[in-house]
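The lines below spell out each chain.
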Number of protein chains: 2
Amino acid sequence: MIEKYRTHYSKEIGEKEYNNIVSVAGWIEDIRNLGSIAFIILRDREGTLQITCLKKNNKELFEKLVSLPRESVISVRGLCKENEKVRNGYEILPEEAEILSVSDKPLPMGVVDRTGIEFETRLDNRFIDLRKKEVQAIFKIRDKVIDSAKNFLRKNSFIEVHTPKIIASASEGGTDLFKVEYFEKIAFLAQSPQLYKQMLMATGLDRVFEIAWYFRAEKHNTTRHLNESTAVDIEMAFITNEEDVMKILENMAVEMWNSAKTCEEELESLGIELEKVKTP
Amino acid sequence: MIEKYRTHYSKEIGEKEYNNIVSVAGWIEDIRNLGSIAFIILRDREGTLQITCLKKNNKELFEKLVSLPRESVISVRGLCKENEKVRNGYEILPEEAEILSVSDKPLPMGVVDRTGIEFETRLDNRFIDLRKKEVQAIFKIRDKVIDSAKNFLRKNSFIEVHTPKIIASASEGGTDLFKVEYFEKIAFLAQSPQLYKQMLMATGLDRVFEIAWYFRAEKHNTTRHLNESTAVDIEMAFITNEEDVMKILENMAVEMWNSAKTCEEELESLGIELEKVKTP
């Protein structure tokens, strides 16, 4: 951890830190100012924590902090005290604070408010939308799942490759490709790494995989199609029949599923419960 | 391992397999036919092995195998015998063979021949070029190096993301972008994930990385520029100054270097010796 702004993420603070000085940094999710005492909920990547400001301790610091609009970014250095009444068992009594960024007021959209937000507004303010726990959860689970897929494939002798995305001619028919002006020529965006993967089989590399970009120029009006997407793509040689490929893919899917299952907090924030799976 | 065509890669065969039946599969690198005995060098992803065919044991099988052109693909089931005179300490005495693919004759280029091959010929026959040990070595080292970078970054709290490659407007000036016909609109290929990475910092995800595609439409006539390339790209927030980033990148580079150093055979085939490195 870089010590200047943050010695601990919210989640990393435990008994060992009680009665010690720590630094925390993140976004102000909420401020409750009761006049002589104020409670600031600070959010970082791992969760939230409470900063308890007493006016009598440091009037200047108190005023500075309570005047900040929500979603401002601060770093706070202070004493960590055990407090059973606080959600995660401790609070921080600030001694110093650095204001890293003061947010606009009013914000175009809230982060924790329960009010409905239009989809357009969310897209226009994606950097705020992504502060929501349930939206970040998707990124965190995705990271875990990708990692488990790669580890599984490497364990099974697959080599990671990266194949070209600008290609000279269509791989599976010409209608659904994006055209690229490639200097004096016309090129296309790859629909899939298909041909490259197959060519790699002829080289003897035997088993390859790629987290591959797919570019598909089909017009659609469903929410199940993407013109640009990524996928875990594999190719393997010397198989007996399709069962061999299915076995690898089934086992990989189970590993990915199980790694998602370890993201308990993230799944909870999404309101999802994953059942146990096993290979067919 | 899938048992039908191959129970072992060449490298996996050791004392435990001596006097046992094994199956091996791969490309015929060379055949030396001495009339009553023939030596076939079979190449798989992990190396080569020797198949020793005795005419008197099975005339039909002998004729079938020795008549194959080099670079044909076969699977051989046979007895593994210790033989100190053979390069890797054993030979296979074939009992059955399946011919999976008979190669063209003459081949457009050789795999192990010492004769010079024009660069154009190599590109036109990339699937053969990639059978060369020294060309495959690049793919294998690359795989190891990427894996070590990812493991290092995950250990340091980085989350893997994949950002869009088709973008609506230039990130760093408009001259060096590839134009894409995006339905009725004009779009561009991403020069770098810069803006997305930065936006992710504003979300609080804190540390992200991507094996990112870079598309850059600069004309060039050097061998050091690529219009399409991949890179390990990171972004981190709450740093004190550039030293924090440099520390991460330096340590990552050292890990990548050290993981390349473990690829002893591959480096040897490339004629490269890597010196020890440490962080500055």
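Residues numbered from 1 in each chain as written. Chains lettered and ligands numbered in written order. Predicted model: local features only at pLDDT ≥ 70, side-chain atom pairs only at ≥ 80, totals over all residues. Heavy atoms only, no water.

Caption draft 1: Layout of the relation of the copies chain A and chain B. Note on the identical chains: chain A maps onto chain B by a rotation of 180° and an axial translation of 0.0 Å, with an RMSD of 0.0 Å. Such a turn and shift between the copies fits a two-fold axis. Every residue of chain A has its C-alpha some distance from the rotation axis, and the shortest such distance is that of Val180 of chain A, at 2.3 Å. (Least-squares fit on C-alpha atoms with pLDDT ≥ 70 in both.)

Caption draft 2: Quick look at the pairing of strand β3 (residues 47-54) of chain A. Residues and elements named next belong to chain A. Of the pairings in the sheet, the one linking strand β2 (residues 37-44) to β3 comprises eight bridges and is antiparallel in character. Bridge pairing in β3 links Leu42 to Leu49. Between β2 and β3, which pair antiparallel one after the other, the connecting turn spans two residues. Where β3 meets strand β5 (residues 90-101), two bridges bridge the pair, whose relative direction is parallel. In the sheet register, Gln50 faces β5, and the bridge partner there is Glu91. (Pairing = 2+ DSSP bridges. Helix = DSSP H or I, 4+ residues; strand = E, 2+ residues; numbered from the N terminus.)

Caption draft 3: Summary view of the sheet that holds strand β10 (residues 207-215) of chain A. All names here are of chain A. Sheet architecture is open: three strands sit in the order β6-β10-β11, paired in mixed fashion. This sheet does not close on itself; its edge strands, each paired only once, are β6 (159-160) and β11 (228-236). As paired elements, β6 and β10 share two bridges and run parallel to each other. Directly across from Glu160, in β10, lies its bridge partner Phe209. Contacting β10 and β11, helix α5 (residues 194-203) runs over the sheet at an angle of about 20° to β11. (Contact = heavy atoms within 4.5 Å. Axes fitted to C-alpha atoms, helices over the stretch in contact; angles between N-to-C directions.)

Caption draft 4: Structural view of the pattern of salt bridges. What the rule picks out here adds up to 40 salt bridges over all chains. Notably, a salt bridge pairs Asp233 of chain A with Lys197 of chain A, separated by 2.4 Å at the nearest N-O pair. Pair noted here: Asp233 of chain A is in strand β11 and Lys197 of chain A is in helix α5, with a separation of 36 residues, a long-range link. Across the pair, Lys197 of chain A and Asp233 of chain A agree in class, each one buried. The shortest N-O distance in the salt bridge between Asp129 of chain B and Arg126 of chain B comes to 3.1 Å. Here Asp129 of chain B and its partner Arg126 of chain B are both found in helix α3 (residues 126-129), three residues apart, which amounts to about one turn of the helix. (Salt bridge = Lys/Arg side-chain N within 4 Å of Asp/Glu carboxyl O. Buried < 20%, exposed > 50% of the residue type's maximum accessible area, 1.4 Å probe, protein only.)

Caption draft 5: Summary view of the environment of Tyr5 of chain A. Residue and element names in this part refer to chain A. Mapped onto the fold, Tyr5 is located in the segment before β1 (21-33). Overall, the relative accessible area of 10% leaves Tyr5 in the buried class. Distance in space between the C-alpha atoms of Tyr5 and Val24 is 6.6 Å, their sequence separation being 19 residues.

Caption draft 6: Molecular detail of the interface of chain A and chain B. Each partner contributes to the interface: chain A provides 65 residues, whereas chain B provides 65 residues. Here chain A and chain B share 10 salt bridges between them. At the junction of chain A and chain B, the tally comes to 30 residue pairs in polar contact (both at pLDDT 80 or more). Where the side of chain A that touches chain B is concerned, the elements lending two or more residues are β1, α3 (126-129), α4 (133-155), β6, β8 (179-182), α5, β10 and β11 of chain A. Looking at which element gives the most residues to the side of chain A that touches chain B, the answer is α4 of chain A, with nine residues. (Polar contact = N/O pair within 3.5 Å; in protein donor to acceptor, adjacent residues only side chain to side chain.)

Caption draft 7: Representation of the packing of aromatic side chains in the model. All told, the structure shown has nine aromatic pairs over all chains when counted by the stated rule. Ring centres 5.7 Å apart and planes at 90° place the aromatic pair Phe238 of chain A and Trp27 of chain B in the edge-to-face group. With Phe238 of chain A in the loop between β11 and α6 (242-261) and Trp27 of chain B in strand β1 (residues 21-33), the pair connects residues from two separate chains. Taken individually, Phe238 of chain A and Trp27 of chain B each receive the classification buried, so the pair is uniform in this respect. A network of ring pairs unites the aromatic residues Phe178 of chain A together with Tyr182 and Phe183 of chain B as a single cluster. The ring of Phe238 of chain B carries Arg6 of chain A above its face, with NZ or CZ at 4.4 Å from the centroid. (Phe/Tyr/Trp six-rings, centres within 6.5 Å; stacked < 30°, edge-to-face > 60°. Lys NZ or Arg CZ within 6 Å of the ring centre and 35° of its normal.)

Caption draft 8: A look at α5 of chain A. Every buried residue belonging to α5 of chain A is among Lys197, Leu200, Met201 and Thr203 of chain A, and all of these are buried. Down the axis of α5 of chain A, the buried side of the element spans an arc of 155°, and every buried residue falls inside it. The secondary structure elements touched by the buried residues of α5 of chain A are β10 and β11 of chain A together with β1, α3 and α4 (133-155) of chain B. Positive phi shows up at Gly204 of chain A, right after α5 of chain A, with a value of about 95°. (Arc of directions from axis to C-beta.)

Caption draft 9: Main features of the side chain of Glu29 of chain B. Residue and element names in this part refer to chain B. By the secondary structure assignment, Glu29 is in strand β1. Here the side chain of Glu29 touches Arg43 through a polar contact of 3.0 Å, side chain to side chain. Aside from chain neighbours lying at most four places away, what touches Glu29 is Ile41, Arg43, Thr48, Arg70, Glu71 and Val112.

Caption draft 10: Focus on the domain arrangement of chain A. Examined at the domain level, chain A breaks down into domain 1 (10-101) and domain 2 (132-270). Here domain 1 of chain A and domain 2 of chain A have C-alpha centroids that lie 43 Å from each other. (Domains from an automatic or database assignment.)

Caption draft 11: Spotlight on the side chain of Lys132 of chain B. Residue and element names in this part refer to chain B. Its location among the elements puts Lys132 in the loop between α3 and α4. Despite its burial, Lys132 pairs with no opposite charge, the nearest such side chain being Asp129 at 4.7 Å. A polar atom in the side chain of Lys132 sits 3.4 Å from the backbone oxygen of Val111. When residues no more than four places from it in sequence are discounted, the contact partners of Lys132 are Met109, Gly110, Val111 and Ile117. (Lys, Arg positive; Asp, Glu negative; His and termini not counted.)

Caption draft 12: Region of interest: the sheet that holds strand β4 (residues 73-82) of chain A. Spatially, β1-β2-β3-β5-β4 (chain A) is the arrangement adopted by the five strands of the closed barrel, whose pairing is mixed. Going across the sheet, the axis of each strand differs from the next one's by a mean of 55°, ignoring polarity.

Caption draft 13: Structural detail: the packing of α4 of chain A against α6 of chain A. All names here are of chain A. The contact between α4 and α6 brings their axes to 8 Å, and the two run at 145°. Regarding α4 and α6, the two cross each other, and that crossing is right-handed. In this structure, α4 contributes Ile141, Lys144, Val145, Ser148, Ala149, Phe152, Leu153 and Lys155 to the contact, and α6 contributes Ile248, Asn251, Met252, Glu255, Met256, Ser259 and Ala260. (Left-handed = near helix turned anticlockwise from the far one by under 90°.)

Caption draft 14: Structural view of the confidence of the model for chain A. Residue and element names in this part refer to chain A. Put simply, chain A has an average pLDDT of 93, and 98% of its residues get 70 or more. Across chain A, the secondary-structure element scoring lowest on mean pLDDT is helix α2 (residues 119-124), at 93, and the one scoring highest is β6, at 98. If you check the scores for this complex, the pTM reads 0.93 and the ipTM reads 0.93. (pLDDT = per-residue confidence, 0-100.)

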